[in-house]
Amino acid sequence: MKQFSYVLTKPHALHARPVSNLMREVSRFSSSVHLTHEDQMVSIREARALMGAGSGSKITVTVEGKDEEAAVAAIQNYFVANM
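Summary of the structure given here. Values in this document were obtained by computation on a predicted structure and should not be read as measured data.

1. Structural notes on helix α1 (residues 16–26)
When α1 is considered as a whole, its buried residues turn out to be Pro18, Val19, Leu22 and Val26. Seen along its axis, α1 keeps its buried residues to an arc of 100°; they face one direction. Across from the buried face of α1, at angles greater than 90 degrees, the exposed residues are Arg17 and Arg24. Of the surrounding secondary structure, the elements contacted by the buried residues of α1 are β2 (32–37) and α2 (68–82).

Now the structure itself:
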């Protein structure tokens, strides 16, 4: 299991289009991906449940599976570029 935290820098980071693009990025991997904001943990497939999180919110990403290292690297790159 790999985990990292990221503080959102964009005001609309977890809105429909960025979340859809993140889900597309994650779908390339077989590992399971969960996002945690405050006390709420959701699967990447349910990431829209976190759409209220905005700039300054801390998101913890947990990745578990055979390709978790590659998945974490791709997700971190996506967060830095888009969130």
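2. Here's the deal with the pairing of strand β3 (residues 40–43)
Both β2 and β3 contribute to a ladder of 4 bridges, which runs antiparallel. Opposite Thr36, over in β3, you have Met41 as the bridge partner. Between β2 and the antiparallel strand that follows it, β3, lie 2 residues; Glu38 among them carries a positive phi value of about 55°.

What counts as what
Residues numbered from 1 in each chain as written. Predicted model: local features only at pLDDT ≥ 70, side-chain atom pairs only at ≥ 80, totals over all residues. Heavy atoms only, no water. Buried < 20%, exposed > 50% of the residue type's maximum accessible area, 1.4 Å probe, protein only. Helix = DSSP H or I, 4+ residues; strand = E, 2+ residues; numbered from the N terminus. Arc of directions from axis to C-beta. Contact = heavy atoms within 4.5 Å. Pairing = 2+ DSSP bridges.

The quantities given are spatial measurements derived from coordinates; they are silent on function.
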